[in-house]
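Per-entry structural report
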Amino acid sequence: LDTVIAAFANRLRLAHHVAVLTGAGISAESGIPTFRDAQTGLWSHFDPEELASPAGFARNPTLVWRWYAERRVKACAAQPNPAHYALAKLDKHVPRLTLITQNIDGLHQRAGSRNVIELHGSLHRARCMADGSLHTTWDYAEELPHCPDCGALLRPDVVWFGEMLPQTALEKAWAATLDCDIFMSIGTSGVVEPAASLPRIALSRNATVLILNLEQQTAARPPLFTINGKAGEILPRIVKMAFPV
Ligand code: NAD
Ligand code: APR
C-alpha cells in the first residue's frame, strides 16, 4: 500500500489539472450511510422507486419529503471527515482542481472546497414545481413545503432515478475529465451512469487514474492506481506525501 501511495503521490505533485469524482463512500466516515452498502445502505431500507423517483414523488410527496428532510437533518448534523479536508487542502496545492460529486450532503463545501460540481443536486436546495426556481429555505404547510414566491409545491433539488442530470454540471464534469492529467475516483461504486464512465474516459486518454474504494484490489498498474481503503485514512496520506508542507 505504501509503495502505491508513494507512486501516485509522486504523480500528483506534478499535476497540472486534477479532476476528482466522489461518491457516497467519502461521506461514510462522517456517518452518512452509502447507497449500496448492504448493511447500512439507504436503499436497503427503502425501494428507490418509492422515494428517489418522479413517480414516487407524485404518488406520495409527503413520504418523499419526510425522507429527504430526515436526510437533510442528518447531513447538517454530520461533520466533514479528513477525506473532505484532504481534498480542500489539495485544491490549494495543485494549479487546478475540479471537484465533481455525486453526493448531495454538502460536506465538501463545509470542508472548504470551492466550486463543487453537484452532479445529483443537493439536499440543501428545493426547486419550485411551477417555475423551477431554487430555494434554500422553505416552510412546511400541511407537511409539504411550498414555494415562498408562488405557493406551488416544492420538490427536493435532487436528481432522481430516471431523471437527467443537470446539463451544465454534466458538461463541466465531462470537460474536466477530458482535460485533466490526473483523475481521482473516491468512494463510488461506479455502477450509476453517467458518473461511472468518467474514470474510464480519463483512462482512455492516458490520464493517471486513481480508484479508491472498499472493493478495489490495491495495485499500481500505471497509469491506473487502485487502492482498497478508507478515504478518511488514505486521502490525507496521499496529500501529505505529495505536499509535505
Ligand atoms: P441509472 O439507471 O444509471 O441509475 C440507476 C442506478 O441506480 C442503477 O445503475 C443502480 O446502480 C441504482 N439502483 C437502481 N435501483 C436500485 C436499487 N433498488 N438498489 C440500489 N441501487 C439501485 O440512471 P437513472 O436511474 O436514470 O438515475 C439518473 C441519475 O439519478 C443517476 O445519475 C443517479 O445517480 C441519480 N440518482 C440520485 C439520487 C440521489 O438521491 N442523489 C438517487 C437516485 C438516483
Ligand atoms: N472510503 C472509501 N470508499 C468507501 C468508504 C470509505 N470509508 N465507504 C464506502 N466506500 C465505497 C464503497 O466501497 C462503494 O464503492 O463507496 C462506494 C459507495 O457506493 P454507493 O453506495 O453505490 O454510492 P455511490 O457510488 O455514490 O452511488 C452513486 O447512485 O443512488 C445513486 O445518485 C445516487 O449518488 C448516488 C449514485
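Residues numbered from 1 in each chain as written. Chains lettered and ligands numbered in written order. Predicted model: local features only at pLDDT ≥ 70, side-chain atom pairs only at ≥ 80, totals over all residues. Heavy atoms only, no water.

Take the site of ligand 2 next. In the region of ligand 2, 22 residues are neighbours, and Ala24, Arg36, Thr188, Ser189 and Glu215 sit closest. In the environment of ligand 2, an oxygen atom lies 2.7 Å from a nitrogen or oxygen atom belonging to the side chain of Thr188. For ligand 2, whose free accessible area comes to 730 Å², the fraction covered by protein is 94%. Here ligand 2 is seated within the largest pocket. For the shell around ligand 2, the residue count by class is eight nonpolar, 10 polar and four charged. (Near = heavy atom within 4 Å. Polar contact = N/O pair within 3.5 Å; in protein donor to acceptor, adjacent residues only side chain to side chain. Areas by Shrake-Rupley, 256 points an atom, 1.4 Å probe, with all protein chains shown as cover. 1 Å grid on protein atoms, 1.4 Å probe; cavity = no way out; pocket = protein on both sides within 12 Å on 5 of 7 lines; lining within 4 Å. Sits in = over half its atoms within 2 Å of the grid points. Nonpolar A, V, L, I, M, F, W, Y, C, P; charged D, E, K, R; others polar.)

On to the UniProt feature "binding site: NAD(+)" (unreviewed entry) in the chain, then. Feature annotation in UniProt places "binding site: NAD(+)" (unreviewed entry) on Gln102, Asn103, Ile104, Asp105, Gly187, Thr188, Ser189, Asn213, Leu214, Glu215 and Ala231, given in this structure's numbering. A maximum C-alpha distance of 22.7 Å shows the annotated residues, which cover 130 residues in sequence, to be distributed over more than one spot. Within this annotated set, the largest pocket is lined by Gln102, Asn103, Ile104, Gly187, Thr188, Ser189, Asn213, Leu214, Glu215 and Ala231. Take Ser189: it is sitting in the loop between strand 9 (182–186) and helix 10 (197–204). Once residues lying within four places of it in the same chain are set aside, the contact partners of Ser189 are Arg36 and Glu215. (UniProt positions renumbered as here; feature names shortened; annotations may be inferred. Helix = DSSP H or I, 4+ residues; strand = E, 2+ residues; numbered from the N terminus. Contact = heavy atoms within 4.5 Å.)

Turning our eyes to something else, we now look at the site of ligand 1. Around ligand 1, the surrounding shell holds 18 residues, and the nearest of these are His120, Val159, Phe161, Gly162 and Val192. One of the backbone N or O atoms of Val191 is found 3.1 Å from an oxygen atom in ligand 1. Compared with its free state, where it exposes 810 Å², ligand 1 has 70% of that area covered by protein. Looking at the shell around ligand 1 residue by residue, the classes come out as 12 nonpolar, two polar and four charged.

Let's shift gears to the packing of aromatic side chains. Summed over all chains, the structure comprises five aromatic pairs. A ring pair is formed by Phe8 and Phe225, whose centres lie 5.7 Å apart and whose planes are at 65 degrees; its orientation type is edge-to-face. Here Phe8, found in helix 1 (residues 2–13), pairs with Phe225, found in strand 12 (residues 224–228); they are 217 residues apart in sequence, far enough to count as distant. With a centroid separation of 4.7 Å and an interplanar angle of 65 degrees, the aromatic rings of Trp67 and Tyr68 are classed as edge-to-face. Neither residue differs from the other here; Trp67 and Tyr68 are each classed as buried. Taken together, the aromatic side chains of Phe57, Trp67, Tyr68 and Trp160 make up a single cluster linked through ring pairs. For the cation-ring pair, Arg71 lies above Trp67, with the distance from its terminal atom to the ring centre recorded as 4.7 Å. Residue placement shows Arg155 over the ring face of Trp160; its charged tip is 3.8 Å from the ring centre. (Phe/Tyr/Trp six-rings, centres within 6.5 Å; stacked < 30°, edge-to-face > 60°. Buried < 20%, exposed > 50% of the residue type's maximum accessible area, 1.4 Å probe, protein only. Lys NZ or Arg CZ within 6 Å of the ring centre and 35° of its normal.)

Attention now moves to helix 1. Under the 1.5 Å per step criterion, the end-to-end length of helix 1 is 16 Å for 12 residues, consistent within 8% with the ideal 16 Å. Those residues of helix 1 not exposed but buried are Val4, Ile5, Phe8, Ala9 and Leu12. Taken around the axis of helix 1, the buried residues stretch over an arc of 125 degrees, which confines them to a single face. More than 90 degrees from the buried face of helix 1, the exposed residues found are Asp2 and Thr3. (Expected span 1.5 Å × (residues − 1). Arc of directions from axis to C-beta.)

Quick look at the layout of surface pockets now. In this model, the largest pocket occupies a volume close to 830 Å³. What lines the largest pocket is a set of 42 residues, and nearest its centre among them are Ala24, Gly25, Thr34, Phe35 and Arg36. Contributing elements (two or more residues each) for the lining of the largest pocket: helix 2 (25–28), helix 6 (61–77) and strand 10 (208–213). (Points joined across faces, edges and corners; volume = space filled by probe spheres on them.)

All right, on to unusual backbone geometry then. Here the residue pair Glu193 and Pro194 is connected by a cis peptide bond, since its omega of 0 degrees sits within 30 degrees of zero. Within the secondary structure, Pro194 sits in the loop between strand 9 and helix 10. A cis amide bond links Pro222 to the next residue, Pro223, at an omega of 10 degrees. Tracing the chain through its elements places Pro223 in the loop between strand 11 (219–221) and strand 12.

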